[in-house]
Amino acid sequence: MEQYALLVAATLNAGTVLAIAALGLLINEKAGVVNLGAEGIMLCAAIAGFATVVHTGSDWIGFAAGMGAGALLAAIFGLLAIWLNTNQYATGLALSLFGAGFSAFVGTGYVQERLPERMQFAIPGLADIPLLGPALFRQHPMVYFTIALVLWLVWFLYRSRTGLVLRSVGESPESAHALGYPVRRIRLAAVVAGGALCGLAGAYISVIYTPLWVQGMVAGKGWIALALTTFATWRPGRVLLGAYLFGGVTMLQFHFQATGTEVPSQFLTMLPYLATIVVLALISRNPAWIRVNMPASLGKPFYPGS
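The sections below set out a description of the structure shown in this document. (Residues numbered from 1 in each chain as written. Predicted model: local features only at pLDDT ≥ 70, side-chain atom pairs only at ≥ 80, totals over all residues. Heavy atoms only, no water.)

1. Things to note about the overall build of the protein chain
Piece 1. The number of helices and strands found in the protein chain is 14 helices and 0 strands.
Piece 2. Secondary structure elements of the protein chain, listed N to C terminal, follow the sequence α-α-α-α-α-α-α-α-α-α-α-α-α-α.
Piece 3. What you see for the protein chain is a C-alpha radius of gyration of 20 Å, in line with the 19 Å of a compact globule of 306 residues.
Piece 4. Across its three principal axes, the protein chain shows a C-alpha extent of roughly 60 × 45 × 40 Å.
Piece 5. Within the protein chain, the fraction of its 306 residues that count as buried is 52%.
Piece 6. For the protein chain, the share of sequence-separated contacts (at least 6 apart) that also reach a separation of at least 24 residues comes to 79%.
Piece 7. A gap of 17 Å separates the mean positions of the 16 positive and 10 negative side-chain charges of the protein chain. (Helix = DSSP H or I, 4+ residues; strand = E, 2+ residues; numbered from the N terminus. Rg over C-alpha atoms; globule rule 2.2 N^0.38 Å. Buried < 20%, exposed > 50% of the residue type's maximum accessible area, 1.4 Å probe, protein only. Contact = heavy atoms within 4.5 Å. Lys, Arg positive; Asp, Glu negative; His and termini not counted. Charge placed at Lys NZ, Arg CZ, Asp CG, Glu CD.)

2. So, helix 3 (residues 59–83)
Piece 1. In this model, helix 3 (25 residues) spans 35 Å end to end at C-alpha, consistent with the 36 Å of a helix rising 1.5 Å per residue.
Piece 2. Positioned one or two residues after helix 3, Asn85 has a phi angle of 60 degrees, which is positive. (Expected span 1.5 Å × (residues − 1).)

3. Here we look at the packing of helix 7 (residues 161–171) against helix 9 (residues 183–209)
Piece 1. Where helix 7 meets helix 9, the closest approach of the two axes is 10 Å, and the angle between their N-to-C directions is 105 degrees. In this view, helix 7 runs roughly perpendicular relative to helix 9, as classed from their interaxial angle. Here Val165, Leu166 and Val169 of helix 7 come into contact with helix 9, specifically with Val183, Ile186, Arg187 and Ala190.
Piece 2. Here the residues of the contact of helix 7 with helix 9 sort into 6 nonpolar, no polar and 1 charged. (Axes fitted to C-alpha atoms, helices over the stretch in contact; angles between N-to-C directions. Parallel < 35°, antiparallel > 145°, perpendicular 65-115°, else oblique. Nonpolar A, V, L, I, M, F, W, Y, C, P; charged D, E, K, R; others polar.)

4. A closer look at the nonpolar core
Nonpolar side chains in soluble globular proteins tend to be buried together.
Piece 1. Counting 85 residues, the largest nonpolar core has Met42, Phe63, Leu166, Tyr204 and Trp213 as the members making the most contacts within it.
Piece 2. Ranked by the residues each element gives to this core, the list is headed by helix 9, at 15 residues.
Piece 3. Ignoring sequence-local partners within four residues, the contact set of Met42 consists of Val17, Ala21, Cys198, Ala201, Gly202, Ile205, Val218, Lys221 and Gly222. (Core = buried A, V, L, I, M, F, W, Y, C linked by side-chain atoms within 4.5 Å.)

Here it is as structure tokens:
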């Protein structure tokens, strides 16, 4: 039972990375913008956060640096795709390739670096509960922040006027523009906010999840987060559940290895990606269901003069 408690704890930790990144991409897509550069943003944010913690010793400053790097790259993407009307898909792919190469170049000197001793977190009283304590109440504060972020996003998108405007921009930018809303500025703000969250996810990987820097350490999590928004039909609550599902599949490979299960390690490593493909294939069997939930103007450029 103790092993299962540790598996649940590891699932929450792994799912947090995917949830934060997917929530950022969800904000983008609710505004009608597809950003395929999440992988590159997360890589640049990972090295930015890791290098900052190496030099300052503060995890929280590292998170801020990761968010800043993510917001900056997302702003560049937004200026190109929203103001200069470049193709969103091609621009996102270019950003992903740039992030992979740039992070590898900048991170060369940090491969052998080690972070300061990590602080152990626990909620007093609750952390000592058998089984539940190790599973749920000894997590990093960012795990609980992610759950709070989901609740806030649900309220923001479906209960606030600003969230209604954001969704209207993603559904019908022409109508929003006719009502006097600055569609391009709203989309850019959404892209920058989403990039900051992707950056936070990247910094969390290098500072907390695996406290080291290795080239390409994001390992496809940006792409999984992108698929997760579709899997969750653009709903924050479902994003969190999906993130924990994929996080559990990721951690399952280590659980099998620890218990001595005779399964090839290559098969276990590919489990998260295999699960992503299977889920997307199942969802794609009902295109009408996706169209009903997908923002109507997702990926479509907007020209104010037209």
